[in-house]
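Breakdown of the fold
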Amino acid sequence: MTTVATPAELEQLDATDPLAPVRERFTLPDGVIYLDGNSLGALPRATAERLSQVVHAEWGRDLITSWNANGWFTAPQRVGGKIAALVGAAPHEVLVADSTSVNLFKAIVAALALRPGRRTVLSEPGNFPTDLYMIESALRTLGAGYRLHLVERTALADAMDDDTALVLLTHVHYKTAEQFDMAAITQAAHRVGALTCWDLSHSAGAVPVDLRAATADFAVGCGYKYLNGGPGAPAFLFVAERHQDAAQSPLGGWMGHAQPFAFDDAYAPAPGITRFACGTPPILSLAALECGVDELLAVDRAALFAKGRSLVALFAERVLAGTAADGVSLVGPPPDHPRGSHVSFAHAHAYEIVQALIARGVIGDFRAPDVMRFGITPLYLGWGDVARAADAVVEVVLSGAWRDPRFAARQAVT
Ligand SMILES: *Cc1c(COP(=O)(O)O)cnc(C)c1O
């Protein structure tokens, strides 16, 4: 793939793409090139119909019998088992529950209890904010003695020692798309006796992930990004099988009880991953998430990820070729390095450029202070789309169209 791909070459790539028909499985408005599937995945066509069925037939008609008759009670494990296939876990190692933030809290406290006497949680500066906030929250709850140690990623392995209880990192960085070598970091942590927790929010459904091969201990991730589960979709939690008997959730609600319908006064954890459930699962959101995950399970993921890499390369190279002289620079690794499926560029007026692009139907997002970020989702994007989007970035930058004052008004969500 080169930046000089002609319209005919792009057309040929799209025409011969075996994944091209998958786009028809999503609802996308005409005139929009959606480059924000890493923040809110697009709507699968199947989702609206499935939700209507869950609302009308299951909730409306079958009412409470649906917990048994329509598989509501086991949905967190069932959908977790499907996500497991996307992250290299066994089906019984993944549960859908809560938000990513809450799952981080559960994993952090559970991991620290498995390493008594060790007081340090290691992470990197610039990690996704909620990850750092949830470490702080967990440590505050646990009381004195614990500390969060932030170390630049190149120095992480050296910073691990016999006080390190947990290494908590985001596998693919939300801004730069830089990707950690999960196996190498996990092995380094294990060498000093520490555990790992990986945040897969920008990895699951975007890049190959193999938690088992990496011998990861805990992992969490988002349901509404590349998994296309819908706004506020529940998140997922992975606990390696070898930890499941000993690990305890700090939020031991009744859905994580061994016998929730025994209504015992005393808490007894359920066997396996189920003990990490807390309250009643959000069935409508879970049904939507399952539709999104099913779309990924239905395609050849090796081919999907290869297409994603090709689209990333085309987009990054085409934007840079057109704008490098105008203050736009690539943030994060080049396309051929280990990386996630979004591409970020820095520019002093990134906010305004993103707004001007949205006005043209090219939807990306802005991440403070100066990053424009574009999610490349090969399920519903082709080479022609990505080339047109790159050309729009170039046009907005070179023309100065972003200078229109209406593009400077800041909104709450960027
Ligand atoms: C999007 C994202 C989250 C989101 O957390 P929520 O609790 O679901 O809002 C967490 N971590 C990372 C790395 C993310 O990119």
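See the structure printed just above.
Calculation notes
- Residues numbered from 1 in each chain as written.
- Predicted model: local features only at pLDDT ≥ 70, side-chain atom pairs only at ≥ 80, totals over all residues.
- Heavy atoms only, no water.
- Near = heavy atom within 4 Å.
- Polar contact = N/O pair within 3.5 Å; in protein donor to acceptor, adjacent residues only side chain to side chain.
- Areas by Shrake-Rupley, 256 points an atom, 1.4 Å probe, with all protein chains shown as cover.
- 1 Å grid on protein atoms, 1.4 Å probe; cavity = no way out; pocket = protein on both sides within 12 Å on 5 of 7 lines; lining within 4 Å.
- Sits in = over half its atoms within 2 Å of the grid points.
- Helix = DSSP H or I, 4+ residues; strand = E, 2+ residues; numbered from the N terminus.
- Nonpolar A, V, L, I, M, F, W, Y, C, P; charged D, E, K, R; others polar.
- Points joined across faces, edges and corners; volume = space filled by probe spheres on them.
- Core = buried A, V, L, I, M, F, W, Y, C linked by side-chain atoms within 4.5 Å.
- Buried < 20%, exposed > 50% of the residue type's maximum accessible area, 1.4 Å probe, protein only.
- Phe/Tyr/Trp six-rings, centres within 6.5 Å; stacked < 30°, edge-to-face > 60°.
- Lys NZ or Arg CZ within 6 Å of the ring centre and 35° of its normal.

1. Structural notes on the site of the ligand
Residues in close proximity to the ligand total 13 residues, the closest being Ser101, Asp199, His202, Tyr224 and Lys225. Contact distances for the ligand include 2.7 Å between a nitrogen atom and a side-chain N or O atom of Asp199. In the complex, 87% of the free accessible area of the ligand, which totals 390 Å², lies under the protein chains. Its atoms largely coinciding with the cavity grid, the ligand occupies the largest pocket. Looking at the shell around the ligand, the elements with two or more residues in it are helix H5 (100-114) and helix H6 (129-142). Here the residues of the shell around the ligand sort into 3 nonpolar, 7 polar and 3 charged.

2. Some details on the layout of surface pockets
In this structure, the largest pocket occupies an estimated 270 Å³ of space. Taken together, 23 residues line the largest pocket, and the ones lying closest to its centre are Thr100, Phe128, Cys222, Tyr224 and Lys225. Listing elements by their share of the lining of the largest pocket, those giving two or more residues are H5 and H6. Here the lining of the largest pocket is built from residues that sort into 7 nonpolar, 10 polar and 6 charged.

3. Focus: the nonpolar core
Within the largest apolar cluster, 93 residues are counted, with the highest numbers of intra-cluster contacts made by Leu211 and Phe315. The element best represented in this core is helix H12 (residues 383-399), accounting for 9 residues. Counting 31 residues, the second largest nonpolar core, distinct from the first, contains Leu95, Leu112, Ala138 and Phe218.

4. Considerations on the packing of aromatic side chains
Applying the stated rule across the entire model yields 13 aromatic pairs. Here Phe261 and Phe263 contribute two aromatic rings whose centre-to-centre distance is 5.6 Å and whose plane-to-plane angle is 90 degrees, an arrangement assigned as edge-to-face. Residue class for Phe263 comes out exposed when judged on its relative accessible area of 57%. Pairwise contacts between aromatic rings join Phe73, Trp254, Phe261 and Phe263 into one cluster. Sitting above the plane of the Phe128 ring, Lys225 keeps its charged end 5.3 Å from the centroid. Seen from the ring of Tyr351, Arg410 lies directly overhead, with NZ or CZ sitting 4.2 Å from the centre.

All we've got here are geometric facts, nothing functional implied.
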